[in-house]
Amino acid sequence: MTTHRNTPPHGTIRDWLNKRAAETPDGISHIFPDDGSTLTWLQLRDHAAGIAGGLSANGTQKGESVAICLPNSREAILCLFGILYGGFRATPLNLVAGPEAIGFALAHSRSRSIFVGSGQRDLIDAALAAHPNELNTLPALDDPAWSGPFSNCDTVDITASDEALLMYTSGTTGRPKGVLHSHAGLLAGGWNSCVAHSLGADDRALCVLPFFHINGLCVTLIGPLVSGGSVIVTERFANRHFWDHCERHRATWFSVVPTIISHLLHSDRTPSPDVVRNIRFARSASAALSPDIQAAFEQRFGIPIVETMGLTETAAQILSNPLPPDTRKTGSPGIAFGNEVTVLDDDFRRLPAGTSGELAVRGPNVMLKYADNEEATAAVFTPDGWLRTGDLGYMDEDGFVFVTGRLKELIIKGGENIAPREVDEALYASSDVIEAAAFARPCDRYGQTVEAAVCLRPGSRMTAGDLRELCVEKLGAFKSPDRIFVLDSLPKGPSGKIQRLQLAALTEGLSAP
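Residues numbered from 1 in each chain as written. Predicted model: local features only at pLDDT ≥ 70, side-chain atom pairs only at ≥ 80, totals over all residues. Heavy atoms only, no water.

Peer 1: Now, about the overall build of the chain: what can you tell me, with residues and values included?
Peer 2: What the chain contains, in helices and strands, is 15 helices and 25 strands. For the chain, whose C-alpha radius of gyration is 23 Å, the value lies close to the compact-globule estimate of 24 Å for 513 residues. When the 513 residues of the chain are sorted by exposure, 58% land in the buried category. Excluding contacts between residues fewer than 6 apart, the proportion of contacts in the chain whose partners are at least 24 apart in sequence is 70%. Only carbon and sulfur atoms are counted for the fraction: they give 48% of the accessible area of the chain, which is about 20600 Å². Each charge sign in the chain was given a centre, from 45 positive and 58 negative side chains, and these centres are 2 Å apart. (Helix = DSSP H or I, 4+ residues; strand = E, 2+ residues; numbered from the N terminus. Rg over C-alpha atoms; globule rule 2.2 N^0.38 Å. Buried < 20%, exposed > 50% of the residue type's maximum accessible area, 1.4 Å probe, protein only. Contact = heavy atoms within 4.5 Å. Areas by Shrake-Rupley, 256 points an atom, 1.4 Å probe, with all protein chains shown as cover. Lys, Arg positive; Asp, Glu negative; His and termini not counted. Charge placed at Lys NZ, Arg CZ, Asp CG, Glu CD.)

Peer 1: Describe the sheet that holds strand β25 (residues 483-486), with residues and values.
Peer 2: Think of a sheet as strands paired side by side through backbone hydrogen bonds, with each pair either parallel or antiparallel. In space, the 3 strands of this open sheet follow the order β23-β24-β25, with mixed pairing throughout. Two strands in the sheet have a free side with no partner beyond their single neighbour: β23 (433-443) and β25. Ignoring which end each strand starts from, the neighbouring axes of this sheet average 25 degrees apart. As judged from the 4 bridges shared by strand β24 (residues 447-456) and β25, these two strands associate in the parallel manner. Residue Glu 451 lies in a different strand from β25, and its bridge partner there is Arg 483. Each of β23, β24 and β25 is contacted by helix α13 (residues 420-428), which is oriented at about 140 degrees to β23, the strand it contacts most. (Pairing = 2+ DSSP bridges. Axes fitted to C-alpha atoms, helices over the stretch in contact; angles between N-to-C directions.)

Peer 1: Can you lay out the environment of Arg 110 for me, pointing to particular residues and giving the numbers?
Peer 2: Assignment of secondary structure puts Arg 110 in the loop between α4 (99-109) and β5 (113-116). Along the backbone, Arg 110 and Phe 301 are 191 residues apart, and their C-alpha atoms lie at a distance of 47 Å. At 2.9 Å, the side chain of Arg 110 forms a polar contact with the side chain of Asp 372. (Polar contact = N/O pair within 3.5 Å; in protein donor to acceptor, adjacent residues only side chain to side chain.)

Peer 1: Explain the nonpolar core to me, using residue names and the numbers behind them.
Peer 2: Of all hydrophobic cores here, the largest spans 55 residues; its most connected members are Ile 13, Leu 17, Ile 77, Phe 81 and Phe 115. Among residues more than four places away in sequence, those in contact with Ile 77 are His 30, Phe 32, Leu 39, Leu 44, Phe 211, Leu 221 and Val 233. Of all hydrophobic cores here, the second largest spans 50 residues; its members include Ala 251, Ile 279, Ala 437 and Ile 484. (Core = buried A, V, L, I, M, F, W, Y, C linked by side-chain atoms within 4.5 Å.)

Peer 1: Break down the state of the cysteines for me, with residues and values.
Peer 2: Here, the word disulfide means a covalent bond between the sulfur atoms of two cysteines. This structure, assessed with the given rule, holds 0 disulfides. Free of any disulfide, Cys 69 has its nearest neighbouring cysteine sulfur in Cys 79, separated by 11 Å. Cys 194 supplies the cysteine sulfur nearest to Cys 218, a cysteine that is in no disulfide, at a spacing of 11 Å. (Disulfide = S-S within 2.5 Å.)

Peer 1: Which residues make up the sheet that holds strand β10 (residues 230-233), and what values do they have?
Peer 2: Within the open sheet, the 9 strands sit side by side as β2-β1-β10-β9-β11-β12-β13-β14-β15. Their pairing is mixed. Lying at the two open borders of the sheet, with one neighbouring strand each, are β2 (37-40) and β15 (335-336). The pairing of strand β9 (residues 204-207) with β10 spans 4 bridges and is parallel. Paired with Cys 207 across the two strands is Val 233, which belongs to β10. Where helix α7 (residues 214-227) meets the sheet, its contacts fall on β1 (28-32), β9, β10, β11 (253-256), β12 (281-284), β13 (305-311) and β14 (316-320), and the angle it forms with β11 comes to roughly 160 degrees.

Peer 1: Account for helix α8 (residues 239-248), with residues named and values stated.
Peer 2: Of all the residues in α8, the buried ones are Phe 242, Trp 243, His 245 and Cys 246. Looking straight down α8, one finds its buried side chains confined to an arc of 155 degrees; they lie on one side. Turned more than 90 degrees off the buried face of α8, the exposed positions are Arg 240 and Arg 248. Each element contacted by the buried residues of α8 is listed here: β9, β10, β11, α9 (258-265), α10 (273-278) and α11 (291-301). One or two residues past the end of α8 sits Arg 250, with phi positive at roughly 55 degrees. (Arc of directions from axis to C-beta.)

Peer 1: Can you explain the pairing of β12? Please cite residues and give values.
Peer 2: Here β12 shows two buried faces, one formed by Phe 281 and Arg 283 and the other by Ala 282 and Ser 284. Sheet analysis places β11 next to β12, joined by 4 bridges and oriented parallel. Bridge assignment links Trp 253 to a residue of β12, and that residue is Phe 281. Bridge count between β12 and β13: 3 bridges; the pairing is parallel.

Peer 1: Explain the packing of aromatic side chains to me, and be specific about the residues and the numbers.
Peer 2: This structure, assessed with the given rule, holds 9 aromatic pairs. Taking 5.1 Å as the distance between ring centres and 90 degrees as the angle between the ring planes, the aromatic pair formed by Phe 242 and Trp 243 counts as edge-to-face. Residue classification places Phe 242 among the buried residues on the basis of a relative accessible area of 1%. For Trp 243, a relative accessible area of 5% corresponds to the buried category. A centroid spacing of 4.7 Å and a plane angle of 70 degrees characterise the contact between Phe 297 and Phe 301, whose relative ring orientation is edge-to-face. Taken together, the residues Phe 297 and Phe 301, both in helix α11 and 4 residues apart, mark about one turn of the helix. (Phe/Tyr/Trp six-rings, centres within 6.5 Å; stacked < 30°, edge-to-face > 60°.)

Peer 1: I'd like to hear about the pattern of salt bridges, residue by residue, with values.
Peer 2: Summed over the entire model, instances satisfying the criterion amount to 27 salt bridges. Of the charged contacts in the structure, one is a salt bridge between Asp 46 and Arg 45, with a shortest N-O distance of 2.9 Å. Of the charged contacts, one joins Asp 372 and Arg 110 as a salt bridge, the two residues approaching to 2.9 Å between their closest N and O atoms. On the criterion of sequence distance, the pair formed by Asp 372 in the loop between β18 (369-370) and α12 (374-380) and Arg 110 in the loop between α4 and β5 is long-range, its members being 262 residues apart. On the basis of relative accessibility, which here comes to 52%, the residue Asp 372 falls in the exposed class. On the accessibility criterion, Arg 110 (55% relative accessible area) is exposed. Here the residues in one salt-bridge network are Arg 441, Glu 451, Arg 483 and Glu 508, joined through shared partners. (Salt bridge = Lys/Arg side-chain N within 4 Å of Asp/Glu carboxyl O.)

Here it is in structure tokens:
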């Protein structure tokens, strides 16, 4: 068991917005390349206070959910911090989850009000058709209704332990679960990234991950709130603009997922020397990073990648590799910063170094509970307070964690456990592979058999047979995929993480060598 000791921030999101507005009122908090605008800390605080007052005047009660159906944007930033400033419960909706999941989240959260972007109105209409619900659609932020008197409205008293965020899991194996975080939990989650990455007021993040995913929200929004740094906010990842945004706005770090790293690596676009000098590190999260992809990226671009790991239930980061020149271990998401991480057996006993089991975490960034789901909450916590992550792995003598797979994704072929990540990494050894994911297919002979899907770089002549031979060379025939499907792209969740559990159904009936 390891932990990096630090003291998480005290107070609430409101306290920290007030602190930033008082200490650096003219300091830039956010930059929006899509529309060319910026926000200072004072502007952000004042807008947030006005929105909080407006919500209160409209009858919104302390702790009540206010839904957000917006892409990354200036408006989304203001809505999020306005809800948090007022002591309400921000409920960001996953814009790619589909009408059924969004309708469920709206009904389950008991949201009475929602901020909706012009491009998302049809989505909300479809969601409400699936789950009828009376909602108050709030006016656009440039509406005069938000100006003037609301900025002086009284706000309710809030404490660090009050509920601040209700974020829904992706729900790939059933109904989405609503994860509840307090103000203290969100600040602790942001603080963990600050400590692990030595973030300060001079740092500027490039944010390309959506706010309705915990990585985008806690790491690249709450982290800079705590550190006093700033954020470049784009609506989505775009390969053609990525390095330009880094250069024009002088980014010093960015947080992405392995699929984005792979796409940047396989692109013909290259950062300028100024970008390479300015960027201290790239942060990889949300899924395992292939060692081959990491090595190729660092060799080509000269930017070190810090692999990390986090969950919605832990306000993002629980593990991180240290920054260079300290030791990083390829293939590991690192050591614990700001919380405790251990490995448990089936009876919830801690296992010694080198022994595989389920990873568990305990600390101030861990969720309060699953909203209105006592059964799921009880199942995920051990009697002594460890949150079970559902990830399999082990810890070495230095405290570095190595993740071997997910409990729900483990392939059991003829009674032998095969971690999909082993197969993924064998496939990524080919420089032609941009995306790869192994998965299980039921079969009569072994119970399950190994299959995989890949996306190849444009113009590649690599065949499924070539990739199969590569896997046999690295893994042996038994663990290698019986079939490999070459697809235009692989299904992904809101953060860009490949949705492995969807692949069996997606490839059903397709032919493959």
